[in-house]
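# Fold and geometry: a report
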Amino acid sequence: DRDLAVRVGAVRAYAERVIHKGAPVDPLRDVLKAGARELVLGAAEGVAHKSDVLAFRPLLLVVRAGQPEERPRALLALGTLGDPRALPALALVASGGPEEEPFDWTMQAPAVEALGRLWSRLTDADAKKRVLERLEQTLLDGESGEHRCAAARGLRYVGGEFGRTQLENNLSLEWQEY
C-alpha cells in the first residue's frame, strides 16, 4: 500500500503476529533490510523477539535518533533482543546519561526494564552483577514510581531466587510504610 499509515500499521500488526503467534519472521527481516525509517521500529521489535541480531543496529539507531515516542519501545526491544552489545547503551540511558547531555527522564524506566530483559543473555559475571545491582538500587530508591515499577518488571525477567527475594523484600517494605 502507498499510504504510510497503512504500511506502518501492517508492519506493527505482523510484528505482533510474530511475537504472539509464532508467524515467520522473514517478512520483517526484509522490511529491516529495505531500511524505510518509518517501518524500522515495528519490524525490529518483531525480529528482536526472535533474538535475531539483524535488529540490533536499527534499534540502536532509533534509541539515539528516533522520535521521542519511539525510543522507549526501542529500548525495550533491545533488552528483548538479548544482544550483550546493547548493555553499554542501556546502562548509559538507565543512569540518565552524561551530565552535559542527559537523556530524557522518560527513557530511563524502559532502559531499566530492558536491563532485566537482557540479564539472562549476558555471559560476563561482572556485567550480570552490575545489572542486578542497578535493578536492586532502582527498585529501592528509584526517582519515581515508574522507575521502581520498571525495576520490578526487570527483576521479573531475571527470575530465580534473587529476583524473587528482591520483589518480596520490596513488597514488605511497601506495606510497612502504610
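Here, every reference points to the structure presented above.
Remember, it's a predicted structure, so these values are computed and weren't measured experimentally. All residue numbers refer to positions counted from 1 along the written sequence of the respective chain. It should be noted that, the model being predicted, local features are given only for residues of pLDDT at least 70 and side-chain atom pairs only at 80 or more, the latter also being counted only at that level, while totals for whole chains, interfaces and linings use all residues. Hydrogen atoms and water are omitted, and side-chain values are computed over all heavy atoms in the structure.

## Some remarks on the overall build of the protein chain
Only DSSP runs of H or I covering at least 4 residues are called helices, and only runs of E covering at least 2 are called strands; the numbering of each starts at the N terminus. Secondary structure assignment for the protein chain yields 10 helices and 0 strands. Along the protein chain, from the amino end to the carboxyl end, the secondary structure elements read α-α-α-α-α-α-α-α-α-α. Over its C-alpha atoms, taken along the principal directions, the protein chain stretches across nearly 55 × 40 × 35 Å. Here the protein chain holds 178 residues, and the buried ones make up 42% of them. For this analysis, residues touch if any pair of their heavy atoms sits within 4.5 Å. Taking as baseline every contact in the protein chain between residues at least 6 positions apart, the subset at least 24 positions apart corresponds to 52%. The buried label goes to any residue with under 20% of its type's maximum accessible area, the exposed label to any with over 50%, and the partly exposed label to all in between, with areas taken from a 1.4 Å probe on protein chains only.

## Focus: the packing of aromatic side chains
Only Phe, Tyr and Trp rings take part, Trp by its six-membered ring, and two of them pair if their centres are within 6.5 Å. Stacked means planes under 30 degrees apart, edge-to-face means over 60, and tilted covers everything else. Counted by the stated rule, this structure contains 0 aromatic pairs. Remark: a charge is flagged as sitting over a ring if the NZ atom of Lys or the CZ atom of Arg is within 6 Å of the ring centre and within 35 degrees of the ring normal. Against the face of Trp 119 rests Lys 128, its NZ or CZ located 4.2 Å from the ring centre. We note Arg 156 situated over the ring of Tyr 157; from NZ or CZ to the ring centre the distance is 5.1 Å.

## Section: the nonpolar core
Among buried residues, those of type Ala, Val, Leu, Ile, Met, Phe, Trp, Tyr and Cys that are joined through side-chain atoms within 4.5 Å constitute a nonpolar core. One finds Leu 28, Leu 59, Leu 78 and Leu 90 to be the most contacted residues of the largest nonpolar core, which totals 50 residues. If we skip the residues at most four places from it in the chain, Leu 90 touches Leu 75, Leu 78, Gly 79, Ala 111, Ala 114, Leu 115 and Leu 118.

## Let's talk about the environment of Ala 114
Take Ala 114: it is sitting in helix 7 (residues 108-119). Note: C-alpha distance between Ala 114 and Gly 96 (18 residues apart in sequence) is 14 Å. Here Ala 114 is in contact with Leu 75, Leu 76, Gly 79 and Leu 90, once residues within four sequence places are set aside.

## Side note on the environment of Gly 97
When you line up the elements, Gly 97 lands in the loop between helix 6 (87-94) and helix 7. Measuring from C-alpha to C-alpha, the distance between Gly 97 and Ala 48 comes to 24 Å, with 49 residues separating the pair along the chain. Those residues in contact with Gly 97 that sit more than four places away from it in its chain are Leu 92 and Phe 103.

## Some words on the side chain of Gln 108
Relative to the helices and strands, Gln 108 resides in helix 7. Apart from the residues within four sequence positions on either side, Gln 108 is in contact with Val 93, Ala 94, Ser 95, Gly 96, Glu 143 and His 147.

## A closer look at the pattern of salt bridges
Salt bridges are defined by distance alone: a side-chain nitrogen of Lys or Arg within 4 Å of a carboxyl oxygen of Asp or Glu. Counting across every chain of the model gives 10 salt bridges. Arg 29 serves as the salt-bridge partner of Asp 52, at 2.1 Å between the closest nitrogen and oxygen. Highlighted residues: Asp 52 in the loop between helix 3 (37-49) and helix 4 (56-65) and Arg 29 in helix 2 (residues 26-34), separated in sequence by 23 residues. Shared partners join several salt bridges into a network, and the residues in it are Glu 113, Arg 117 and Arg 153.

## Description of the side chain of Gln 166
Tracing the backbone through its elements, the reader meets Gln 166 in helix 10 (residues 160-176). Judged by its relative accessible area of 10%, Gln 166 falls in the buried class. Not counting residues up to four positions away in its chain, the partners in contact with Gln 166 are Glu 136, Leu 139 and Leu 155.

## Focus: the environment of Arg 7
Structurally, Arg 7 can be placed in helix 1 (residues 4-21). For the pair formed by Arg 7 and Leu 39, sequence separation is 32 residues and the distance between their alpha carbons is 7.5 Å.

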